[in-house]
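A closer look at the structure
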Amino acid sequence: MKLTKFTHACVRLEKDGKVLVFDPGTFSETEQALAGADAVLITHEHPDHVDVDAVVAALEGRESLQLFAPAGVAEELRGKADGAANRIHAVAPGEEFDAAGFAIRSFGGQHALIHPLIPVVANVGYLVDSNVYHPGDSFAIPDGVEVRTLLVPIHAPWNKVGEVVDFVIGVRAPKAFPIHDALLNQSGLGLIEGQVTRIGAKYGTEYRHLSSGDTVEV
């Protein structure tokens, strides 16, 4: 698969002429990421993970586009894209399904805690082709599987450096790349990625920085 990183949490996968997009949010280059997409996976409802207007436009503009999301997100999008309602699918943790030729397994269930006064929303992590794992806004470690390529939420209002490192150690994927990094300046990004790189290597994970627009084979 070809993996392309966009700003923040949005990632595009391409395989055998098919395109799958994770979390095209408001911080990301959504029009570029969604161009020609065959399937979209949304982890949760926050705007930095789903740009509703852009996603609705994509659904209405491409009749073959399928979208998978937690039930609340799916319901909202069905209400805004009436003609695409039958192509919008609700996903819960513990499911397996096909999305445009990609084999998907779902994990997790809820967003990481930001603050006790901020409600916790549903969050689904996705493993694609027993290879690429996008956890959304959580550090849920998928059980019963081996992850080959881990997408790491480097920074967020809900995490700290030690938790990021422990997530990488816990998953033990051979390869890891950053997501959820739009709120960091270069100094902060360098500090966190330095720790992830150094400690992750001790447990067999090769961490590599990707900037927006960078592409790798996974």
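These remarks concern the structure in this document. This is a predicted model, so every value here is computed, not measured.

1. A few points about the overall build of the protein chain
- In terms of regular secondary structure, the protein chain is built from five helices and 14 strands.
- Expected size for 218 residues packed as a compact globule is a radius of gyration near 17 Å; at 16 Å, the protein chain falls within 12% of this value.
- The C-alpha extent of the protein chain, read off along each of the three principal axes, is 50 × 45 × 35 Å.
- Put simply, the protein chain has 218 residues, and 52% of those count as buried.
- For the protein chain, contacts bridging at least 24 residues in sequence account for 55% of all contacts bridging at least 6.
- Accessible surface computed for the protein chain: about 9,400 Å², of which carbon and sulfur atoms make up 49%.
- Charged side chains in the protein chain number 17 positive and 29 negative. The centres of these two groups are separated by 7 Å.

2. Notes on unusual backbone geometry
- A positive phi angle, near 50 degrees, is found at serine 130, a position not held by glycine.
- With respect to the element layout, serine 130 can be found in the loop between strand E9 (122-128) and strand E10 (132-134).
- Of note, histidine 180 is a non-glycine position whose phi angle comes to about 60 degrees, a positive value.
- Tracing the backbone shows histidine 180 in the loop between strand E12 (175-179) and helix H5 (186-202).
- Among the residues examined, histidine 180 registers a relative accessible area of 2% and is labelled buried.

3. Thoughts on the packing of helix H2 (residues 52-61) against helix H3 (residues 71-80)
- Between H2 and H3, whose axes approach to 10 Å, the crossing angle comes to 60 degrees. Judged by the angle between their axes, H2 and H3 are oblique. The crossing of H2 and H3 is right-handed. Here H2 contributes Val52, Val55, Val56 and Glu60 to the contact with H3, which in turn contributes Glu76, Leu77 and Lys80.

4. Describing the environment of leucine 3
- Of note, leucine 3 is situated in strand E1 (residues 2-5).
- With relative accessibility at 1%, the residue leucine 3 sits in the buried group.
- Measuring from C-alpha to C-alpha, the distance between leucine 3 and leucine 13 comes to 4.7 Å, with ten residues separating the pair along the chain.
- Those residues in contact with leucine 3 that lie beyond four places of it in its chain are Val11, Arg12, Leu13, Val132, Leu151, Leu210, Asp214, Thr215, Val216 and Val218.

5. Focus on the sheet that holds E12
- If you trace the seven strands from one edge of the open sheet to the other, you get E7-E8-E9-E10-E11-E12-E13, paired in mixed fashion. Whereas interior strands pair on both sides, the edge strands pair on one side only; in this sheet they are strand E7 (96-99) and strand E13 (206-207).
- Examined bridge by bridge, strand E8 (residues 102-110) and E9 share seven bridges and lie antiparallel to one another. Residue pairing for E9: glycine 108 is matched across the bridge by valine 124.
- Packed on one face of the sheet, helix H4 (residues 161-171) meets E10 and strand E11 (149-153) and runs near 165 degrees to E11.

6. Overview of the sheet that holds strand E3 (residues 18-22)
- With mixed pairing, the seven strands of this open sheet are ordered in space as E6-E5-E4-E3-E2-E1-E14. Each having just a single partner strand, strand E6 (88-90) and strand E14 (215-217) make up the two edges of the open sheet. When strand polarity is set aside, the average angle formed by the axes of neighbouring strands in this sheet is 20 degrees.
- Pairing geometry for E1 and E14, over three bridges, is antiparallel. Bridging across to E14, lysine 2 finds its partner in glutamate 217.
- Strands strand E5 (66-69) and E6 of the sheet are contacted by H3, whose axis makes an angle of about 155 degrees with E6.

Rules and cut-offs
- Within each chain, residues carry numbers counting from 1 in the order of the written sequence.
- With pLDDT at 70 or above as the cut-off, local features in this predicted model cover only qualifying residues; side-chain atom pairs require 80 or more to be listed or tallied, and sums for whole chains, interfaces and linings still use all residues.
- For side-chain calculations, the full set of non-hydrogen atoms in the structure is used, while hydrogens and water are omitted.
- Each helix is a run of H or I in the DSSP string that is no shorter than four residues. Each strand is a run of E no shorter than two, and both are numbered from the N terminus.
- Both definitions apply: the radius of gyration is a C-alpha atom measure, and the globule rule equals 2.2 Å times residues to the power 0.38.
- Exposure categories follow from relative accessible area, calculated using a 1.4 Å probe and restricted to protein chains: below 20% of the type maximum is buried, above 50% is exposed, and the middle band is partly exposed.
- Should any heavy atoms of two residues lie within 4.5 Å, those residues are counted as being in contact.
- Residue burial considers only the protein chains on display, and all accessible areas are found by Shrake-Rupley using a 1.4 Å probe.
- Neither His nor the chain ends is counted toward charge; the positive residues are Lys and Arg and the negative residues Asp and Glu.
- By convention, the point assigned to a charge is CZ for Arg, NZ for Lys, CD for Glu and CG for Asp.
- Only the contacting stretch of a helix is used when fitting its axis, a line to C-alpha atoms as for every element, and angles between N-to-C directions run 0 to 180 degrees.
- Any angle that falls under 35 degrees is termed roughly parallel, while one over 145 is termed roughly antiparallel, one within 65 to 115 roughly perpendicular, and all others oblique.
- Whether a crossing is left-handed or right-handed is set by the direction in which the near helix is turned from the far one by less than a right angle, anticlockwise for left-handed and clockwise for right-handed.
- At least two bridges found by DSSP between two strands are what make those strands a pair.

Any functional reading would require information that these geometric values do not contain.
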